[in-house]
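# What the coordinates show
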Amino acid sequence: MAGTEHLIVERQGATLVLTLNRPEAKNAFSIPMLVGLHDAWIEADADDDIRSIVVTGAGGAFCAGMDLKALAGQGGGFAEDNPHRARLAADPELHWKAMLRHHRPRKPVIAAVEGVCVAGGTEMLQGTDIRVAGESASFGLFEVRRGLFPIGGSTVRLTRQIAHTHALEMLLTGRRYTATEARDIGLVGSVVPDGTALKRALELAEAVNEAAPLAVEAVKRSVYETAAMTEADGLKRELELGWPVFATEDAKEGPRAFAEKRPPVYRRH
């Protein structure tokens with residue numbers, strides 16, 4: 001699976017690791033990076049051997065959001081002759097899919113955050129499932145301070161993921177949050193020593209990989225599909241998604257392996 005010059009794509013066992021790779025710009029989004037992310041999400045979902053995805057950043061940063069200098073015409077992959085521009089022209093929503101606004105991978109996505117994760121970085125973070133941060137990481141949605149709007153989904157998603165008052169404070173003040181504050185309000189799940197976020201994320205990915213993939217994907221799907229439903233409708237949909245899992249061979253393998261005191265071998269059927 002190929003990346004682009006601004007995105008490193010690697011396989012570690014059953015985990016696909018995506019590394020945003022513009023450290024000189026704190027991994028701000030560029031067109032090549034967005035094209036690479038879009039393609040990686042799609043290809044990961046199509047590959048049954050991939051069971052989890054980890055996204056991180058190079059050079060001690062996660063993502064500083066959109067490259068404002070580049071948008072002003074100062075490079076960063078937004079030049080008129082950029083070969084990836086044709087991809088965006090062919091699919092006007094490609095950048096939204098890349099940032100996980102208009103696409104939800106069926107495989108679990110784990111974010112490993114070091115350093116800055118602000119603006120569009122915090123917005124893409126909201127499209128991930130599990131989030132680990134180094135203790136010096138920082139977060140924030142600065143758009144209102146720049147006369148902009150956090151149009152990557154934050155005005156819709158943030159109040160569904162963290163408490164209303166915390167979401168509005170982040171959105172309306174545009175202030176910076178420490179990793180501890182982000183954990184305390186529920187934006188990230190855990191804070192680890194600097195430099196170890198990727199290690200922890202890969203450990204979590206391996207735990208996901210050891211579980212039955214059909215069950216994992218059905219659980220993720222149920223969580224997101226029922227989020228905006230009434231409780232009655234949600235419980236109905238849960239049964240529609242959950243009962244077929246019990247009819248799989250993997251559902252027989254799990255209890256059998258437990259009884260035989262051996263690791264299960266799940267085959268996705």
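Here we summarise the structure given alongside this text. Owing to the predicted nature of the structure, the values given are computational and were not obtained by experimental measurement. (Residues numbered from 1 in each chain as written. Predicted model: local features only at pLDDT ≥ 70, side-chain atom pairs only at ≥ 80, totals over all residues. Heavy atoms only, no water.)

### What to know about the pairing of strand 4 (residues 109–113)
Burial analysis of strand 4 places 5 of its 5 residues in the buried class, the great majority of the element. Pairing analysis gives 3 bridges linking strand 3 (residues 52–57) to strand 4, with the strands arranged parallel. Bridging across to strand 4, I53 finds its partner in V109. Sheet topology places strand 4 next to strand 6 (residues 130–134); 4 bridges connect them, and they run parallel. Residue pairing across strands places A111 opposite R131, the latter belonging to strand 6. (Buried < 20%, exposed > 50% of the residue type's maximum accessible area, 1.4 Å probe, protein only. Helix = DSSP H or I, 4+ residues; strand = E, 2+ residues; numbered from the N terminus. Pairing = 2+ DSSP bridges.)

### A closer look at the packing of helix 6 (residues 154–161) against helix 7 (residues 164–173)
Two elements in contact, helix 6 and helix 7, have axes whose closest approach is 7 Å; the angle formed by their N-to-C orientations is 145°. Two packed elements cross with a definite hand, and for helix 6 against helix 7 that hand is right-handed. Touching S154, T155, L158 and T159 of helix 6 are H164, A167, L168, M170 and L171, all from helix 7. Looking at side-chain class alone, the contact of helix 6 with helix 7 contains 5 nonpolar, 4 polar and no charged residues. (Axes fitted to C-alpha atoms, helices over the stretch in contact; angles between N-to-C directions. Left-handed = near helix turned anticlockwise from the far one by under 90°. Contact = heavy atoms within 4.5 Å. Nonpolar A, V, L, I, M, F, W, Y, C, P; charged D, E, K, R; others polar.)

### Some words on helix 12 (residues 249–259)
The complete set of buried residues in helix 12 reads D250, E253, G254 and A257. Viewed along the axis of helix 12, the buried residues span an arc of 105°, placing them on a single side of the element. Positioned one or two residues after helix 12, K261 has a phi angle of 55°, which is positive. (Arc of directions from axis to C-beta.)

### What to know about the pattern of salt bridges
Within this structure, the stated rule accounts for 22 salt bridges. A salt bridge links E181 to R175; the nearest nitrogen and oxygen atoms lie 3.3 Å apart. On the basis of relative accessibility, which here comes to 27%, the residue E181 falls in the partly exposed class. Assessed through its relative accessible area of 28%, R175 is described here as partly exposed. Taken together, the shared-partner salt bridges in this structure form one network comprising D48, R106, E217 and R268. (Salt bridge = Lys/Arg side-chain N within 4 Å of Asp/Glu carboxyl O.)

### Brief notes about the environment of M124
Within the fold, M124 resides in helix 5 (residues 120–125). For M124, a relative accessible area of 1% puts it in the buried group. The spacing of M124 and K252 is 128 residues in sequence and 37 Å in space, taken between C-alpha atoms.

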